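Inside the fold
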Amino acid sequence: MHKNLTILGIETSCDETAVALVRSDRTIVSQRVLSQLKDHLPYGGVVPEIAARAHVDHLDGLIKEVMDEAALTYDDIDAIAATSGPGLIGGVMVGLMTAKGLSLATGKPFLGINHIEAHALSPRLSPGVEFPYLLLLVSGGHCQIVWVNHVGAYQLLGHTIDDAVGEAFDKVAKLLGLPYPGGPALEKLARQSKSVSSPRFHLPLPLCGKPGADFSFAGLKTAARLLIPELQSEEDRAEFARTFHHTISAIFADRLKNALKMAPEAPKRLVVAGGVAANQYLRDDLQAFCDANNMEFYAPPMWLCTDNAAMIAWAALERFAHGQTDELDLAARPRWPLVEMTGFAQDAA
Ligand code: KG4
Ligand code: ZN
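What comes next concerns the included structure. For clarity, every value in this text was computed on a predicted model and none was experimentally measured.

Rules used throughout
- Residues numbered from 1 in each chain as written.
- Chains lettered and ligands numbered in written order.
- Predicted model: local features only at pLDDT ≥ 70, side-chain atom pairs only at ≥ 80, totals over all residues.
- Heavy atoms only, no water.
- Pairing = 2+ DSSP bridges.
- Helix = DSSP H or I, 4+ residues; strand = E, 2+ residues; numbered from the N terminus.
- Axes fitted to C-alpha atoms, helices over the stretch in contact; angles between N-to-C directions.
- Contact = heavy atoms within 4.5 Å.
- Near = heavy atom within 4 Å.
- Polar contact = N/O pair within 3.5 Å; in protein donor to acceptor, adjacent residues only side chain to side chain.
- Areas by Shrake-Rupley, 256 points an atom, 1.4 Å probe, with all protein chains shown as cover.
- Nonpolar A, V, L, I, M, F, W, Y, C, P; charged D, E, K, R; others polar.
- Donors = N, O, S within 2.8 Å, 3.2 Å for Na, K, Ca; no water.
- Buried < 20%, exposed > 50% of the residue type's maximum accessible area, 1.4 Å probe, protein only.

What follows deals with the sheet that holds strand β2 (residues 16-23). Taken in spatial order, the five strands make up an open sheet running β3-β2-β1-β4-β5, and their pairing is mixed. Here the strands that pair on one side only, and so sit at the sheet edges, are β3 (28-35) and β5 (110-114). The mean angle between the axes of side-by-side strands here comes to 20°, regardless of whether they run parallel or antiparallel. Relative to the sheet, helix α3 (residues 89-106) contacts β1 (6-11), β4 (79-85) and β5, its axis offset from that of β4 by approximately 155°.

As C-alpha coordinates, then:
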(Lines give C-alpha, C1' and ligand atoms only; values in the text may rest on other atoms or scores of the structure.)
(Ligands and ions follow the chains in the order given, each with its own letter.)
Protein backbone atom coordinates (compact mmCIF):
# COMPACT_ATOMS: atom_id res chain seq x y z
CA MET A 1 0.00 0.00 0.00
CA HIS A 2 1.59 3.25 -1.09
CA LYS A 3 -0.45 6.34 -0.20
CA ASN A 4 -1.79 6.44 3.36
CA LEU A 5 -5.47 5.78 2.71
CA THR A 6 -8.30 6.34 5.19
CA ILE A 7 -11.52 4.32 5.10
CA LEU A 8 -14.73 4.64 7.09
CA GLY A 9 -16.00 1.16 8.06
CA ILE A 10 -19.48 0.19 9.27
CA GLU A 11 -20.50 -3.11 10.92
CA THR A 12 -24.13 -4.02 11.62
CA SER A 13 -24.39 -7.75 10.82
CA CYS A 14 -25.26 -8.96 14.32
CA ASP A 15 -25.76 -7.25 17.68
CA GLU A 16 -22.96 -4.68 17.63
CA THR A 17 -23.40 -1.33 15.92
CA ALA A 18 -19.85 -0.34 15.06
CA VAL A 19 -18.09 2.41 13.13
CA ALA A 20 -14.35 2.98 12.62
CA LEU A 21 -11.94 5.15 10.69
CA VAL A 22 -8.77 3.23 9.84
CA ARG A 23 -5.65 4.17 7.86
CA SER A 24 -3.57 1.90 5.67
CA ASP A 25 -0.59 2.52 7.99
CA ARG A 26 -2.71 0.55 10.52
CA THR A 27 -3.70 3.55 12.61
CA ILE A 28 -7.19 3.30 14.06
CA VAL A 29 -8.07 6.98 13.93
CA SER A 30 -11.29 6.64 15.91
CA GLN A 31 -13.89 3.96 16.52
CA ARG A 32 -17.06 3.07 18.40
CA VAL A 33 -18.57 -0.33 19.21
CA LEU A 34 -22.04 -0.14 20.70
CA SER A 35 -23.18 -3.47 22.11
CA GLN A 36 -26.92 -4.19 22.10
CA LEU A 37 -26.42 -6.89 24.70
CA LYS A 38 -28.90 -5.38 27.16
CA ASP A 39 -31.64 -5.27 24.47
CA HIS A 40 -31.30 -9.00 23.76
CA LEU A 41 -30.52 -10.28 27.26
CA PRO A 42 -34.17 -11.02 28.23
CA TYR A 43 -34.47 -13.34 25.19
CA GLY A 44 -31.28 -15.38 25.75
CA GLY A 45 -30.00 -14.66 22.23
CA VAL A 46 -30.01 -12.08 19.46
CA VAL A 47 -33.50 -11.13 18.16
CA PRO A 48 -33.04 -10.02 14.51
CA GLU A 49 -35.84 -7.40 14.48
CA ILE A 50 -34.64 -5.79 17.71
CA ALA A 51 -31.07 -5.75 16.34
CA ALA A 52 -32.08 -4.08 13.06
CA ARG A 53 -34.11 -1.40 14.85
CA ALA A 54 -31.28 -0.66 17.29
CA HIS A 55 -28.84 -0.25 14.36
CA VAL A 56 -31.25 2.27 12.79
CA ASP A 57 -31.46 4.18 16.09
CA HIS A 58 -27.72 4.44 16.72
CA LEU A 59 -25.74 4.21 13.49
CA ASP A 60 -25.99 7.85 12.35
CA GLY A 61 -24.98 9.17 15.77
CA LEU A 62 -21.98 6.82 15.98
CA ILE A 63 -20.76 7.87 12.51
CA LYS A 64 -20.95 11.51 13.58
CA GLU A 65 -19.05 10.76 16.82
CA VAL A 66 -16.30 8.91 14.96
CA MET A 67 -15.91 11.66 12.34
CA ASP A 68 -15.96 14.40 15.01
CA GLU A 69 -13.43 12.64 17.23
CA ALA A 70 -11.09 12.23 14.27
CA ALA A 71 -11.72 15.86 13.30
CA LEU A 72 -12.01 14.70 9.67
CA THR A 73 -14.46 15.65 6.93
CA TYR A 74 -15.56 13.35 4.12
CA ASP A 75 -13.02 15.13 1.90
CA ASP A 76 -10.29 13.54 4.04
CA ILE A 77 -11.41 9.96 3.56
CA ASP A 78 -10.84 7.73 0.55
CA ALA A 79 -13.75 5.29 0.68
CA ILE A 80 -16.77 4.12 2.68
CA ALA A 81 -17.27 0.44 3.49
CA ALA A 82 -19.94 -1.63 5.22
CA THR A 83 -20.48 -5.31 5.92
CA SER A 84 -22.66 -6.61 3.08
CA GLY A 85 -22.95 -10.17 4.48
CA PRO A 86 -23.16 -12.75 5.84
CA GLY A 87 -25.32 -11.92 8.82
CA LEU A 88 -28.80 -10.99 10.01
CA ILE A 89 -30.21 -9.49 6.84
CA GLY A 90 -32.17 -6.61 8.42
CA GLY A 91 -29.09 -5.36 10.25
CA VAL A 92 -26.79 -5.83 7.27
CA MET A 93 -29.18 -3.74 5.16
CA VAL A 94 -29.12 -0.87 7.68
CA GLY A 95 -25.32 -0.57 7.48
CA LEU A 96 -25.19 -1.17 3.74
CA MET A 97 -27.84 1.43 2.89
CA THR A 98 -26.16 3.97 5.17
CA ALA A 99 -22.77 3.40 3.50
CA LYS A 100 -24.31 3.63 0.03
CA GLY A 101 -26.14 6.85 0.96
CA LEU A 102 -22.93 8.39 2.28
CA SER A 103 -21.06 7.30 -0.83
CA LEU A 104 -23.70 8.84 -3.07
CA ALA A 105 -23.79 12.09 -1.09
CA THR A 106 -20.01 12.50 -0.86
CA GLY A 107 -18.91 10.97 -4.18
CA LYS A 108 -16.51 8.67 -2.29
CA PRO A 109 -16.10 5.07 -3.50
CA PHE A 110 -18.13 2.34 -1.78
CA LEU A 111 -17.12 -1.21 -0.80
CA GLY A 112 -19.31 -4.05 0.51
CA ILE A 113 -17.28 -6.29 2.80
CA ASN A 114 -17.65 -9.96 3.69
CA HIS A 115 -17.81 -10.14 7.50
CA ILE A 116 -15.93 -13.47 7.61
CA GLU A 117 -13.18 -12.12 5.38
CA ALA A 118 -12.91 -9.14 7.74
CA HIS A 119 -12.36 -11.53 10.68
CA ALA A 120 -9.89 -13.51 8.54
CA LEU A 121 -7.81 -10.44 7.66
CA SER A 122 -8.16 -8.72 11.06
CA PRO A 123 -4.86 -10.08 12.49
CA ARG A 124 -3.10 -8.11 9.72
CA LEU A 125 -4.08 -4.92 11.51
CA SER A 126 -1.05 -5.82 13.65
CA PRO A 127 2.23 -5.48 11.74
CA GLY A 128 4.12 -8.60 10.66
CA VAL A 129 1.29 -11.00 9.77
CA GLU A 130 2.33 -11.89 6.22
CA PHE A 131 0.48 -14.08 3.72
CA PRO A 132 0.09 -17.02 3.48
CA TYR A 133 -1.23 -18.31 6.81
CA LEU A 134 -3.38 -21.01 8.29
CA LEU A 135 -6.49 -19.46 9.79
CA LEU A 136 -8.64 -20.89 12.56
CA LEU A 137 -11.84 -18.88 12.35
CA VAL A 138 -13.98 -19.41 15.41
CA SER A 139 -17.06 -17.28 16.03
CA GLY A 140 -20.74 -17.52 16.90
CA GLY A 141 -21.64 -18.33 13.31
CA HIS A 142 -18.50 -20.00 11.97
CA CYS A 143 -15.91 -22.62 12.73
CA GLN A 144 -13.49 -23.25 9.92
CA ILE A 145 -9.85 -23.83 9.08
CA VAL A 146 -8.83 -21.85 6.02
CA TRP A 147 -5.62 -21.56 4.05
CA VAL A 148 -5.31 -17.81 3.46
CA ASN A 149 -3.07 -17.43 0.46
CA HIS A 150 -3.79 -13.80 -0.28
CA VAL A 151 -6.61 -11.23 -0.10
CA GLY A 152 -9.57 -12.99 -1.69
CA ALA A 153 -7.73 -16.29 -2.23
CA TYR A 154 -8.99 -18.74 0.37
CA GLN A 155 -8.97 -22.52 0.50
CA LEU A 156 -11.32 -24.19 2.96
CA LEU A 157 -9.59 -27.11 4.71
CA GLY A 158 -12.28 -27.90 7.26
CA HIS A 159 -15.54 -26.57 8.68
CA THR A 160 -18.18 -27.51 11.18
CA ILE A 161 -20.74 -30.07 10.11
CA ASP A 162 -23.23 -28.86 12.74
CA ASP A 163 -22.84 -26.06 15.32
CA ALA A 164 -20.22 -23.33 15.29
CA VAL A 165 -17.92 -23.42 18.30
CA GLY A 166 -19.29 -20.10 19.62
CA GLU A 167 -22.76 -21.67 19.49
CA ALA A 168 -21.46 -24.59 21.55
CA PHE A 169 -20.17 -22.11 24.16
CA ASP A 170 -23.48 -20.23 24.10
CA LYS A 171 -25.66 -23.36 24.36
CA VAL A 172 -23.62 -25.01 27.12
CA ALA A 173 -23.55 -21.73 29.04
CA LYS A 174 -27.34 -21.52 28.74
CA LEU A 175 -27.66 -25.07 30.12
CA LEU A 176 -25.60 -23.89 33.10
CA GLY A 177 -27.95 -20.93 33.55
CA LEU A 178 -25.31 -18.42 32.47
CA PRO A 179 -26.22 -15.30 30.47
CA TYR A 180 -25.70 -14.71 26.72
CA PRO A 181 -23.06 -14.48 25.26
CA GLY A 182 -21.97 -17.75 26.79
CA GLY A 183 -18.27 -17.69 25.83
CA PRO A 184 -17.08 -15.01 28.26
CA ALA A 185 -19.43 -16.33 30.99
CA LEU A 186 -18.08 -19.90 30.66
CA GLU A 187 -14.50 -18.63 30.66
CA LYS A 188 -15.16 -16.68 33.87
CA LEU A 189 -16.72 -19.74 35.51
CA ALA A 190 -13.77 -21.95 34.48
CA ARG A 191 -11.37 -19.49 36.13
CA GLN A 192 -13.06 -20.18 39.47
CA SER A 193 -12.09 -23.86 39.33
CA LYS A 194 -9.51 -24.80 41.94
CA SER A 195 -8.60 -28.11 40.32
CA VAL A 196 -6.06 -27.93 37.53
CA SER A 197 -5.20 -31.56 36.87
CA SER A 198 -7.10 -34.86 36.42
CA PRO A 199 -10.50 -33.43 35.55
CA ARG A 200 -13.37 -35.49 36.97
CA PHE A 201 -15.61 -34.87 33.99
CA HIS A 202 -15.26 -36.26 30.51
CA LEU A 203 -16.75 -34.91 27.33
CA PRO A 204 -16.63 -36.57 23.90
CA LEU A 205 -14.13 -35.48 21.24
CA PRO A 206 -16.30 -35.61 18.07
CA LEU A 207 -14.44 -36.49 14.82
CA CYS A 208 -11.07 -36.55 16.62
CA GLY A 209 -8.73 -39.24 15.32
CA LYS A 210 -10.65 -39.28 12.04
CA PRO A 211 -9.17 -37.99 8.76
CA GLY A 212 -9.89 -34.44 7.61
CA ALA A 213 -10.20 -31.15 9.44
CA ASP A 214 -13.97 -30.84 9.90
CA PHE A 215 -15.50 -30.09 13.28
CA SER A 216 -18.60 -31.28 15.10
CA PHE A 217 -19.90 -29.84 18.35
CA ALA A 218 -23.50 -31.09 18.57
CA GLY A 219 -22.48 -34.22 20.55
CA LEU A 220 -20.67 -32.06 23.05
CA LYS A 221 -23.82 -30.11 23.75
CA THR A 222 -25.83 -33.34 24.19
CA ALA A 223 -23.21 -34.74 26.59
CA ALA A 224 -23.27 -31.46 28.53
CA ARG A 225 -27.06 -31.65 28.78
CA LEU A 226 -26.75 -35.08 30.47
CA LEU A 227 -23.86 -34.09 32.74
CA ILE A 228 -24.94 -30.67 33.98
CA PRO A 229 -27.88 -31.88 36.15
CA GLU A 230 -25.36 -34.07 38.04
CA LEU A 231 -23.22 -31.09 39.09
CA GLN A 232 -23.55 -30.66 42.87
CA SER A 233 -21.56 -27.57 43.82
CA GLU A 234 -20.09 -24.33 42.46
CA GLU A 235 -16.71 -26.10 42.28
CA ASP A 236 -18.31 -28.89 40.20
CA ARG A 237 -19.72 -26.30 37.81
CA ALA A 238 -16.40 -24.48 37.55
CA GLU A 239 -14.51 -27.72 37.00
CA PHE A 240 -17.00 -28.74 34.32
CA ALA A 241 -16.47 -25.36 32.60
CA ARG A 242 -12.71 -25.97 32.73
CA THR A 243 -13.18 -29.43 31.22
CA PHE A 244 -15.27 -27.91 28.45
CA HIS A 245 -12.33 -25.61 27.59
CA HIS A 246 -9.86 -28.54 27.66
CA THR A 247 -12.14 -30.45 25.31
CA ILE A 248 -12.44 -27.58 22.82
CA SER A 249 -8.64 -27.15 22.84
CA ALA A 250 -8.15 -30.89 22.26
CA ILE A 251 -10.57 -30.78 19.31
CA PHE A 252 -8.78 -27.75 17.83
CA ALA A 253 -5.37 -29.45 18.19
CA ASP A 254 -6.56 -32.69 16.57
CA ARG A 255 -8.19 -30.92 13.62
CA LEU A 256 -5.30 -28.48 13.13
CA LYS A 257 -2.82 -31.37 13.11
CA ASN A 258 -4.59 -32.79 10.06
CA ALA A 259 -5.00 -29.35 8.47
CA LEU A 260 -1.22 -28.85 8.57
CA LYS A 261 -0.90 -31.81 6.21
CA MET A 262 -3.78 -30.69 3.99
CA ALA A 263 -2.45 -27.16 3.38
CA PRO A 264 -0.86 -26.59 -0.04
CA GLU A 265 2.47 -25.84 1.66
CA ALA A 266 3.81 -26.36 5.18
CA PRO A 267 2.20 -23.52 7.21
CA LYS A 268 4.68 -21.21 8.93
CA ARG A 269 2.06 -19.33 10.94
CA LEU A 270 -1.31 -19.93 12.52
CA VAL A 271 -3.74 -17.08 12.95
CA VAL A 272 -6.86 -17.27 15.10
CA ALA A 273 -9.79 -14.90 14.59
CA GLY A 274 -13.47 -14.47 15.51
CA GLY A 275 -15.25 -13.97 18.82
CA VAL A 276 -14.15 -17.27 20.39
CA ALA A 277 -10.52 -16.23 19.78
CA ALA A 278 -11.01 -13.82 22.70
CA ASN A 279 -10.78 -16.82 25.05
CA GLN A 280 -7.47 -16.79 26.92
CA TYR A 281 -7.46 -20.56 27.68
CA LEU A 282 -7.86 -21.35 24.00
CA ARG A 283 -5.23 -18.77 23.02
CA ASP A 284 -2.73 -20.30 25.46
CA ASP A 285 -3.40 -23.82 24.16
CA LEU A 286 -3.10 -22.68 20.52
CA GLN A 287 0.21 -21.00 21.38
CA ALA A 288 1.40 -24.33 22.84
CA PHE A 289 0.23 -26.14 19.68
CA CYS A 290 2.24 -23.72 17.53
CA ASP A 291 5.33 -24.04 19.75
CA ALA A 292 5.15 -27.82 19.37
CA ASN A 293 4.80 -27.51 15.58
CA ASN A 294 7.41 -24.78 15.01
CA MET A 295 4.88 -22.26 13.87
CA GLU A 296 4.35 -18.61 14.73
CA PHE A 297 1.06 -17.86 16.42
CA TYR A 298 -0.92 -14.64 15.95
CA ALA A 299 -4.05 -13.72 17.86
CA PRO A 300 -5.60 -10.28 17.41
CA PRO A 301 -6.03 -8.14 20.54
CA MET A 302 -9.17 -9.18 22.44
CA TRP A 303 -11.30 -6.24 21.29
CA LEU A 304 -10.51 -7.06 17.66
CA CYS A 305 -11.69 -10.70 18.03
CA THR A 306 -15.34 -9.85 18.63
CA ASP A 307 -17.38 -7.85 16.11
CA ASN A 308 -16.09 -4.35 15.38
CA ALA A 309 -15.81 -1.97 12.44
CA ALA A 310 -12.02 -1.58 12.42
CA MET A 311 -11.80 -5.03 10.82
CA ILE A 312 -14.37 -3.99 8.19
CA ALA A 313 -12.39 -0.84 7.36
CA TRP A 314 -9.17 -2.89 7.28
CA ALA A 315 -10.58 -5.52 4.87
CA ALA A 316 -11.81 -2.63 2.72
CA LEU A 317 -8.32 -1.07 2.79
CA GLU A 318 -6.79 -4.37 1.63
CA ARG A 319 -9.29 -4.60 -1.25
CA PHE A 320 -9.21 -0.88 -2.13
CA ALA A 321 -5.40 -1.03 -2.33
CA HIS A 322 -5.93 -3.63 -5.10
CA GLY A 323 -8.28 -1.28 -6.92
CA GLN A 324 -11.55 -2.84 -5.87
CA THR A 325 -14.72 -0.83 -5.29
CA ASP A 326 -18.35 -1.95 -5.53
CA GLU A 327 -21.36 -0.60 -7.39
CA LEU A 328 -24.21 0.96 -5.42
CA ASP A 329 -26.56 -1.85 -6.49
CA LEU A 330 -24.55 -4.42 -4.50
CA ALA A 331 -27.00 -6.68 -2.65
CA ALA A 332 -26.92 -7.68 1.02
CA ARG A 333 -26.17 -11.40 1.40
CA PRO A 334 -27.41 -13.40 4.41
CA ARG A 335 -25.11 -16.28 3.35
CA TRP A 336 -21.71 -15.64 1.79
CA PRO A 337 -19.09 -18.36 2.30
CA LEU A 338 -15.49 -17.19 2.35
CA VAL A 339 -14.53 -19.51 -0.48
CA GLU A 340 -16.92 -17.64 -2.81
CA MET A 341 -14.74 -14.55 -2.50
CA THR A 342 -12.79 -13.50 -5.53
CA GLY A 343 -9.11 -12.70 -5.35
CA PHE A 344 -6.54 -10.57 -7.09
CA ALA A 345 -3.39 -11.35 -9.00
CA GLN A 346 -0.52 -11.91 -6.54
CA ASP A 347 1.73 -9.50 -8.41
CA ALA A 348 -0.77 -6.69 -7.82
CA ALA A 349 0.01 -6.81 -4.09
O1 KG4 B 1 -17.27 -12.92 16.05
P2 KG4 B 1 -18.42 -12.70 16.97
O3 KG4 B 1 -18.40 -11.46 17.86
O4 KG4 B 1 -19.78 -12.70 16.19
C5 KG4 B 1 -19.97 -13.55 15.08
O6 KG4 B 1 -19.60 -13.15 13.96
O7 KG4 B 1 -20.44 -14.69 15.34
O8 KG4 B 1 -18.53 -14.01 17.89
C9 KG4 B 1 -19.50 -14.14 18.90
C10 KG4 B 1 -19.25 -15.47 19.59
C11 KG4 B 1 -20.32 -15.82 20.63
O12 KG4 B 1 -20.71 -17.16 20.41
C13 KG4 B 1 -19.58 -15.66 21.95
O14 KG4 B 1 -20.06 -16.53 22.97
C15 KG4 B 1 -18.17 -16.00 21.56
O16 KG4 B 1 -17.99 -15.43 20.28
N17 KG4 B 1 -17.18 -15.46 22.50
C18 KG4 B 1 -16.39 -16.23 23.26
C19 KG4 B 1 -15.64 -15.35 24.09
N20 KG4 B 1 -16.02 -14.07 23.79
C21 KG4 B 1 -16.96 -14.15 22.80
N22 KG4 B 1 -16.26 -17.56 23.31
C23 KG4 B 1 -15.37 -18.06 24.19
N24 KG4 B 1 -14.65 -17.29 25.04
C25 KG4 B 1 -14.74 -15.94 25.03
N26 KG4 B 1 -14.03 -15.20 25.86
ZN1 ZN C 1 -18.18 -11.83 13.71
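So, on to the site of ligand 1. Taken together, 21 residues lie near ligand 1, and G140, D170, E187, G275 and N279 sit nearest. One of the backbone nitrogen or oxygen atoms of G141 is found 3.3 Å away from an oxygen atom of ligand 1. Interatomic distance of 2.9 Å between a side-chain N/O atom of E187 and a nitrogen atom of ligand 1. Alone, ligand 1 offers 550 Å² of accessible surface; in the complex the protein occludes 89% of this. Looking at the shell around ligand 1, the elements that each hand over two or more residues are α4 (115-121), α5 (165-175) and α6 (182-191). Broken down by element, the shell around ligand 1 gets its largest block of residues, four residues, from α6. Classifying every residue of the shell around ligand 1 gives six nonpolar, twelve polar and three charged.

Turning next to the coordination of the zinc ion (ligand 2). Distances from the zinc ion (ligand 2) to its protein donors, namely H115 (NE2), H119 (NE2) and D307 (OD), fall within the range 2.0 to 2.2 Å. As a motif over one chain, the donors of the zinc ion (ligand 2) read H-x3-H-x187-D. Residue H115 is found in helix α4, and its partner D307 is found in the loop between α10 (302-305) and α11 (310-320); the two are separated by 192 residues along the sequence. By relative accessible area, H115 is classed as buried at 7%.

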